[in-house]
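Each chain, written out:
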Amino acid sequence: MAKGKNSVFFCQNCGYESSKWMGQCPACKEWNSFVEETVSKSTNGKIKKIEYTEPSKISEIETNEEERIKTGMQELDRVLGGGIVQGSLVLVGGDPGIGKSTLLLQVCQTLTTQEKKVLYISGEESLKQIKMRALRIGQFTNDLLILCETNLDLASEAIKKLKPQVVVIDSIQTMYNEAISAAPGSVSQVRESTSLLMQLAKGNGISIFIVGHVTKEGVVAGPRVLEHMVDTVLYFEGDRHASYRILRGVKNRFGSTNEIGVFEMAEKGLIEVTNPSEYMLEGRPENASGSVVACSMEGTRPILMEIQALVCQTNFGLPRRTAVGTDFNRVNLLMAVLEKRFGLQLSSCDAYVNIAGGIKINEPAIDLAIVMAIVSSYQDKVIPEKTIVFGEVGLSGEVRSVSMAEQRVLEAKKLGFTRCIIPKVSSQNLKEIKGIEIIGVGNLRDAIHAI
Ligand code: TYD
Ligand code: MG
């Protein structure tokens, strides 16, 4: 090997670096994810002169309210923390085909209608393909410039020359940097490209969106290897077979990370879903046992969803349990609590728990609803349709309080529910809300009697 060049092995999943090949990554436990890459050290034999900068006193640092560009898509603005911050680097990750390019092209569309200059750099699609997608989405103004380029040096030249306010790089895994000998999509290329974009963004005050594919096979480096470098990380997720998509903030240096944005993929691009509760409850069965509506908080927004359970006699010695959309172990735990504290003979029953709509919820506030759905299915008794249930369940069968009870109740009222079963502690702190009956319960027995 040539002098000054080093060969290193990188885990393509998490970016773990090792001097030897390994079968399993010690950091992320992924199998077969190590790929050899050559890393060249380009110090040119010279050592840069180091300049000393004086540290500043915190009171003397000047701040000005970060300038944010509103994208005009409320769902996206909320996840970003109120708009695009000038000079920020935003990573949009997601499975291939989920709609990342569509989302960002739509962002370009709304930005250019506000007369912002936007440059869309694609390394994946030809100009014609992008135009075809644009035709599906709608009208575009000439403030949107499109460039098909995979060489990052040429792309950054274009950015420096055109000075757009917003740049989209689709995708980081197709970009390559000539100074690095590794193949496009490898960990060292992706990292190097991102740090170059970071300098461009911070140096020129340009906001840059980077698209990153998530891959299971580890053929290209996943977005996780650059999460720590960027300002904001958003994941675009959803079932490819269902039409709704969720944009989730994972890291945000300029806002909260609990927010989600809900979209629906339609014929003409993505449509914002401003009332996800209504959307989640669509097509609910009537008078069916084992179905109950729960309320979970996603950031500052309450979302109602239907929880379904199916409990039936097992035909084999070992009962089957599955949980879709929530934590499997949590469901097992709740069933054990039901068995011990309420005397339900669940050990001879198969149980399937599902959150309808394909959304994933891990908030403990849906515990009580899961329990109710299981009891309802076991006893084959229908829970009244206009009832919502929320609360955390403890191991001794007590129902514990949850945060933001008032918002949850108000959301239920807005959607026409007439009865809420909530933890006693939360109900005592609640202000009076007209038009909805509130039942505070202290333990599982009370809750089951209330229904
Ligand atoms: P795309 O944005 O290309 O995904 P990604 O960039 O994340 O790989 O999304 C492609 C999918 O979206 C494709 O299966 C077709 C679908 N789609 C629509 O349903 N309607 C539309 O208007 C557009 C543009 C795409
Ligand atoms: Mg794409």
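The model shown is predicted, which means the values in this text are computed figures rather than measured ones.

Trainee: Whenever I open this one, helix H5 (residues 187-204) confuses me. Can you help?
Mentor: For an α-helix the count is 3.6 residues per turn, leaving residues at separations of three or four pointing the same way. With 18 residues, H5 should reach 26 Å at 1.5 Å per residue; the first-to-last C-alpha distance of 26 Å fits that figure. All of the buried residues along H5 are Val187, Ser188, Gln189, Val190, Ser193, Thr194, Leu197, Met198, Leu200 and Ala201. Of the residues trailing H5, glycine 205 is marked for its positive phi of about 65 degrees.

Trainee: When you look at unusual backbone geometry in this model, what are you seeing that I'm missing?
Mentor: What is expected of a backbone is that most residues other than glycine have negative phi and most peptide bonds are trans. For the bond from aspartate 170 to serine 171, the omega torsion is -5 degrees, close enough to zero to count as cis. Residue placement: serine 171 occurs in the loop between strand S9 (166-170) and H5. You will see that asparagine 32, though not glycine, has its phi angle at about 55 degrees, which is positive. Here asparagine 32 shows up in the loop between strand S2 (17-18) and strand S3 (34-40). We classify asparagine 32 as exposed; its relative accessible area is 58%.

Trainee: Looking at this model, I keep getting lost on the pattern of salt bridges. Mind explaining?
Mentor: It is possible for side chains bearing opposite charge to pair when their charged atoms get close. Per the stated rule, a full pass over the model turns up 13 salt bridges. Glutamate 237 serves as the salt-bridge partner of arginine 248, at 3.0 Å between the closest nitrogen and oxygen. Residue arginine 248 is located in strand S12 (residues 244-252), and its partner glutamate 237 is located in strand S11 (residues 232-237); the two are separated by 11 residues in the primary sequence. Ionic pairing is found between arginine 408 and glutamate 363, a salt bridge with its closest N-O pair at 2.9 Å. One end of the pair, arginine 408, is in helix H9 (residues 405-414); the other, glutamate 363, is in the loop between strand S18 (349-355) and helix H8 (367-379), with 45 residues separating them in the sequence.

Conventions we followed
- Residues numbered from 1 in each chain as written.
- Chains lettered and ligands numbered in written order.
- Predicted model: local features only at pLDDT ≥ 70, side-chain atom pairs only at ≥ 80, totals over all residues.
- Heavy atoms only, no water.
- Helix = DSSP H or I, 4+ residues; strand = E, 2+ residues; numbered from the N terminus.
- Expected span 1.5 Å × (residues − 1).
- Buried < 20%, exposed > 50% of the residue type's maximum accessible area, 1.4 Å probe, protein only.
- Salt bridge = Lys/Arg side-chain N within 4 Å of Asp/Glu carboxyl O.

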